Amino acid sequence: MASGFDVLADLVRGATFDDFLLRPQFSVIERRDPAAIDLSCRFSTHITLKRPLVSANMDTVTRAPMAIVQAEEGGLGIIDRGFRSGDIEPQVREVQKVKRMQHIIIRDPYAVTPETPLSAAAALMKQRRAGTLVVVDAQRRLQGLLTERDLRFVDRTQGTVASRMTPLPALVVGHGELTLAAAETIMVERKVKKLPLVGGDGTLLGLITARDIDRQVRLPFATRDDHGRLRVGAAIGATGDYLERAAELVKAHVDVIVIDIAHGHSTVMARALDGFRKAFPAVELVAGNVATADGVRFLAERGVNAIKVGIGPGGGCTTRLTTSFGVPQLQALVECRQGAGEGGVPLIADGGIKRHGAILEALLFGGDTVMLGSMFAGTEETPGDVVQKSVVLPDQQRSVKVPFKVLRGMASIQAIRDRLDVEDDEVVDLEALGAEGTEVSVPARGSVRPLVQDILKHLCSSISYGGARSLDELRQLFRADPARYLVKLSASAKRESYER
Ligand code: XMP
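Residues numbered from 1 in each chain as written. Predicted model: local features only at pLDDT ≥ 70, side-chain atom pairs only at ≥ 80, totals over all residues. Heavy atoms only, no water.

A. Quick look at the sheet that holds strand 15 (residues 285-290). Spatial strand order, 4-5-13-14-15-16-17-18: eight strands in a closed barrel with parallel pairing. Averaged over all pairs of adjacent strands, the angle between strand axes in this sheet comes to 25°, irrespective of strand direction. Bridging between strand 14 (residues 256-260) and strand 15 involves four bridges; their strand directions are parallel. Each bridged residue has a counterpart across the sheet, and for I259 the counterpart in strand 15 is A287. Against the sheet, helix 10 (residues 293-301) touches strand 15, strand 16 (306-309) and strand 17 (347-350), its axis set at about 160° to strand 15. Its contacts with the sheet place helix 13 (residues 356-365) against strand 4 (53-55), strand 17 and strand 18 (369-372), and it is angled at close to 135° to strand 18. (Pairing = 2+ DSSP bridges. Helix = DSSP H or I, 4+ residues; strand = E, 2+ residues; numbered from the N terminus. Axes fitted to C-alpha atoms, helices over the stretch in contact; angles between N-to-C directions. Contact = heavy atoms within 4.5 Å.)

Set out below in structure tokens:
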């Protein structure tokens, strides 16, 4: 008997998101509530997400602010590699910003010695945006705490940290490795917001803050590592400084590296993976992009932990126009899932998702998670300036200023130019570089957070329509019997469904 996937493979040949609707089933859930419905999924072999959303590694989509919101909301952000070759520090800084956002115990709090001049301590606070510095001696034994409040109305050009810090005898201190609950009890009883932890010999073990405890409780779905820090990924190339870049990113505690090139099923990728695995045998690694079963097997055999699927469906892509290569995204997802095997290496459905409903399709047809670029474009957390442009109102003969931000493909001329750092007079040569992406202006809008929450609500509604209790259950029901769900659309049905 044909398996669910054989049936699917037949049905999706030449098809993509808008070619289908899903037949509604008897609903078994009372509330379409993302807090109650399990949306968890595999991002990679060793990383699980509570929500299946990943923000794309594009230089107009994901830097620290986007990655922080994605991780806080249960997904993941991948910091792009749109930094100049050899210019590794700026990308590392983005990773550090995410990793320092929240903790259970801050293991490496910003520290000064009692002899540090107040001016230097104040500068460190400002530079790192840290409200508290831990004061330690040369042996890293705790001596005190210095907070912003200790420096208020004080002449910072005079004196040392010792003159303003709260000294050790006046501090509430935790002894040994405390659980978060034990620390919270002490902090509530003693009415303190900061609790330094020390070992038997007085050396600093870490710092627990009330703000971190609040965040752990307030964001129950957040994607965190074993130290309670938000998770974040970062993309690197396949040549040039890629191993050096990876080494620095790993030092900054990045959770996953993404080797992202336009055609991931290639000699260039084989060489890159070989070099990467020799240098970093245990680092979580995603590679891509591919769109075929052979491409998936090629990457899986080389030990990657997840694979990005999608050649040319992306909003900023022109690959299909310029090369005539690619596979319609639903077909690609089904074929790639067949290549990986059910339960095999996790797949990230990357690109082409323009409406919320398509996310569910990507997750049913083969994706474990979805990567979104243009859907997040223009939000507050995307990098880039807001530009006011005049737009003519169609009905009234006047124009208004509308705020826009830029969204550009990573293979667009503009993105390539910024990475190469070339001068304007070389642009003529750039035009001949074979760009495979475009740059567009998109309306600037508010925070991405409500958008993510809206997407998750819609995903829960989909699960309800699909007659399941969780994302995983719907996936299983769908893959066991795709014909029960799939309605292939005629041209007029597509218009009725998706044209508004
Ligand atoms: P969406 O549709 O969500 O797609 O905007 C995001 C994905 O598009 C890919 N991407 C590109 N593909 N040329 C391409 O062929 C490009 O310049 C380009 N830039 C981004 C990428 O996989 C991203 O995650």
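Having seen the structure, we can now continue with the description.
B. Region of interest: the site of the ligand. What surrounds the ligand is a group of 22 residues, the closest being C317, T319, D350, S374 and E436. T319 is positioned with one of its side-chain polar atoms (N or O) 2.5 Å from an oxygen atom of the ligand. For the ligand, an oxygen atom lies 2.6 Å from a polar atom in the backbone of A411. Burial of the ligand by the protein amounts to 91% of the accessible area it has alone, namely 520 Å². Residue classes in the shell around the ligand are distributed as seven nonpolar, 12 polar and three charged. (Near = heavy atom within 4 Å. Polar contact = N/O pair within 3.5 Å; in protein donor to acceptor, adjacent residues only side chain to side chain. Areas by Shrake-Rupley, 256 points an atom, 1.4 Å probe, with all protein chains shown as cover. Nonpolar A, V, L, I, M, F, W, Y, C, P; charged D, E, K, R; others polar.)

C. Geometry of the domain arrangement of the chain. Domains assigned within the chain are domain 1 (3-102 + 222-381 + 448-498) and domain 2 (111-218). Inter-centroid distance (C-alpha atoms) of domain 1 to domain 2 is 40 Å. Listed by partner, the interface residues are four residues for domain 1 and four residues for domain 2. Taken over both partners, the interface formed by domain 1 and domain 2 buries close to 410 Å², and the fraction arising from carbon and sulfur atoms is 31%. Of all residues in domain 1, the largest losses of buried area upon contact with domain 2 belong to M101, Q102 and R224, amounting jointly to 81% of the total for that side. Scanning the region where domain 1 abuts domain 2 turns up zero salt bridges. Classifying every residue of the side of domain 1 that touches domain 2 by side-chain character gives one nonpolar, two polar and one charged. (Domains from an automatic or database assignment. Buried area = accessible area lost by both parts, 1.4 Å probe. Salt bridge = Lys/Arg side-chain N within 4 Å of Asp/Glu carboxyl O.)

D. Geometry of the pairing of strand 8 (residues 142-147). Summarising the sheet, strand 7 (residues 132-136) and strand 8 pair through five bridges and their orientation is antiparallel. Directly across from V134, in strand 8, lies its bridge partner L145. Pairing between strand 8 and strand 9 (residues 166-167): two bridges, direction antiparallel. The partner of G144 across the bridge, within strand 9, is P167.

E. Up close: the nonpolar core. Residues F43, I359 and F365 are the most contacted members of the largest nonpolar core, which totals 111 residues. For this core, the leading source of residues is helix 16 (residues 448-465), giving eight residues. With residues near it in sequence (within four places) discarded, F365 still touches F5, L8, V12, F20, L330, L333, V334, R337, F478, R479 and L486. V112, V135, V161 and M165 belong to the second-largest nonpolar core, a separate cluster that totals 13 residues. (Core = buried A, V, L, I, M, F, W, Y, C linked by side-chain atoms within 4.5 Å. Buried < 20%, exposed > 50% of the residue type's maximum accessible area, 1.4 Å probe, protein only.)

F. Examining the pattern of salt bridges more closely. Tallying each qualifying case throughout the model produces 28 salt bridges. Two residues, D368 and R337, come together in a salt bridge whose shortest N-O distance is 2.5 Å. Highlighted residues: D368 in the loop between helix 13 and strand 18 and R337 in helix 12 (residues 329-340), separated in sequence by 31 residues. You can call R337 buried: its relative accessible area is 2%. Ionic pairing is found between R479 and E342, a salt bridge with its closest N-O pair at 3.6 Å. One end of the pair, R479, is in helix 17 (residues 471-480); the other, E342, is in the loop between helix 12 and strand 17, and 137 residues separate them in sequence. Here the salt bridges do not stand alone but share partners, grouping K99, D225, R229, R231 and D255 into one network.

G. Region of interest: the packing of helix 13 against helix 16. Taken N-terminus to C-terminus, the directions of helix 13 and helix 16 make an angle of 60°; their axes are 9 Å apart at the nearest point. Overall, the two elements helix 13 and helix 16 adopt an arrangement that is oblique. Remark: the crossing between helix 13 and helix 16 carries right-handed chirality. Contacts from H356, I359, L360 and L363 of helix 13 reach helix 16 at L451, D454, I455, H458, L459 and S462. Looking at the contact of helix 13 with helix 16, its residues break down into six nonpolar, three polar and one charged. (Parallel < 35°, antiparallel > 145°, perpendicular 65-115°, else oblique. Left-handed = near helix turned anticlockwise from the far one by under 90°.)

H. Inspection of helix 10 at higher detail. When we look at burial in helix 10, the residues that qualify are A293, G295, V296, F298 and L299. On its buried side, helix 10 packs onto helix 9 (267-279), strand 15, strand 16, helix 12 and strand 17. G303, located one to two residues past helix 10, shows a positive phi value of around 80°.

I. A look at the sheet that holds strand 20 (residues 399-408). Strand order in the open sheet formed by three strands is 19-20-21, and the pairing between neighbours is antiparallel. Edge positions in the sheet fall to strand 19 (387-392) and strand 21 (439-443), since each has one partner strand and no second. If you compare each strand with its neighbour and ignore which way they point, the axes differ by 50° on average. Relative to strand 21, strand 20 runs antiparallel, the two sharing five bridges. For R408, the partnering residue across the bridge sits in strand 21 and is E439.

J. Highlighting the environment of R277. Note on placement: R277 falls in helix 9. Take R277: its relative accessible area is 18%, and that puts it in the buried class. In this structure, R277 is in contact with A282, V283, L285, R302, G303 and N305, ignoring residues within four places of it in sequence.

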